[in-house]
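Listed below, chain by chain, are the residues.
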Amino acid sequence: MMGLPRFSRPKGVDGQLSPNLYVANCGPAVGLSFETIASVFSKFGEVKGVYPADDSGARIIVSYFEESSAQAALKELHGHPCPVLGGRLLHIRYSVVQPPCQVSDSAPVSLVDSELNIPGIHLFHDFVSAKEEGELLAAVDKRSWNSLSKRRVQHYGYEFCYETRNVDTKQYLGELPSFVSAIVERISSFPALNVNEYPLGVGLSPHIDTHSAFEGFIFSLSLAGPCIMEFRRYTEGARLPKSASSSDMSVECPDNSSSFLRKAIYLPPRSMLLLSGEARYAWHHYIPHHKIDMVKDSVIRRSPRRVSFTFRKGSEWVLANVNFLSIATPPDKMMLLSSWLKKHT
């Protein structure tokens, strides 16, 4: 969605006349392609383009060359079911072009960690099997969830405070549950586990987890659905984002892009992300609040839920082996990860 014009519904009841229409209940998220939408609206005049209105996938902009074409389409289609579009009831208003946002909708998305060129980031694809994924999800769904404003969480080992983004070492909750034993065996003993369930469209605001007794590195296992994770490194003296609370509200047009570097990586289901060193402490990580993501020119629709298992423990292992990890093949990474952690933790 980078480089596309930005539109919005104008203020006021009726709005101002415009060749651009804001159409709700219509788009990829409800099974309608831009090509299908364009074919319907082209009956009223030449269509310049069809664009996503936001990240929901269910609201789009239809842009005409002529204002009269937009008027005719609005009069004919607004508030009426459209048989060609699956009988959906369309809600249409005029739209206006917004001034460009200082930050583009999304950063270019990498598929492998080596493309990021950020020391300390390592992504292990298919860290667990589809069978293991199902068993892990079934296990947490049998447990009690704590509800935050936009997502649900579970804490094991030690409680994680989302206001300070730090582990509370005074709140020991007991041993980690047996259903993560196989994972813990692969990455050695980790005393703290946080399980987060993200509904469709919910992400994380930019942040760095607070330095604490659990320093060193963080493992995060993605289950049930995909997402992209963005990394931002702010220039010296730049205004940093406010500390996010448990609500993790989205930012439509965040800080000036000239104040930070932006990179992003695609996290598929069953992948394990390792953050250490520079990636852990110098780069803010962030999950955009999207329902759809653009990955290598493909539209990826997020799942109804995404569940992450985040393990924390301090160690010097990654700093000692970061050069090997940056060039090793995935099987070599897994072998080194397993053997070193068993010896040194």
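Structure's up top.
Please read all numbers here as calculations on a predicted model, not as lab measurements. (Residues numbered from 1 in each chain as written. Predicted model: local features only at pLDDT ≥ 70, side-chain atom pairs only at ≥ 80, totals over all residues. Heavy atoms only, no water.)

Participant: In this structure, what is going on with the overall build of the protein? I would like to understand it.
Facilitator: Counting its regular elements, the protein contains seven helices and 23 strands. Residues counted as buried form 51% of the 345 residues belonging to the protein. For the protein, the share of sequence-separated contacts (at least 6 apart) that also reach a separation of at least 24 residues comes to 79%. Surface exposure of the protein reaches about 16,400 Å², of which carbon and sulfur atoms provide 52%. (Helix = DSSP H or I, 4+ residues; strand = E, 2+ residues; numbered from the N terminus. Buried < 20%, exposed > 50% of the residue type's maximum accessible area, 1.4 Å probe, protein only. Contact = heavy atoms within 4.5 Å. Areas by Shrake-Rupley, 256 points an atom, 1.4 Å probe, with all protein chains shown as cover.)

Participant: Where do I start with the nonpolar core in this structure?
Facilitator: As a rule of thumb, soluble globular proteins bury nonpolar side chains together. Counting 27 residues, the largest nonpolar core has Val180, Ile183, Leu221, Phe309 and Phe311 as the members making the most contacts within it. Breaking this core down by element, the ones donating at least two residues are helix H3 (130–141), helix H4 (181–187), strand E14 (192–199), strand E16 (217–223), strand E19 (272–276) and strand E23 (305–313). Dropping the residues within four chain positions of it, phenylalanine 309 is found in contact with Leu136, Val140, Phe179, Val180, Leu193, Asn194, Val195, Phe219, Ser220, Leu221 and Leu223. (Core = buried A, V, L, I, M, F, W, Y, C linked by side-chain atoms within 4.5 Å.)

Participant: Looking at this model, I keep getting lost on the environment of glutamine 71. Mind explaining?
Facilitator: Take glutamine 71: it is sitting in helix H2 (residues 67–77). Considering only alpha carbons, one finds glutamine 71 and serine 18, 53 residues apart in sequence, at a separation of 8.2 Å. In contact with glutamine 71, other than residues within four places in its own chain, are Leu17 and Tyr94.

Spatial relationships are all this shows, so hold off on functional conclusions.
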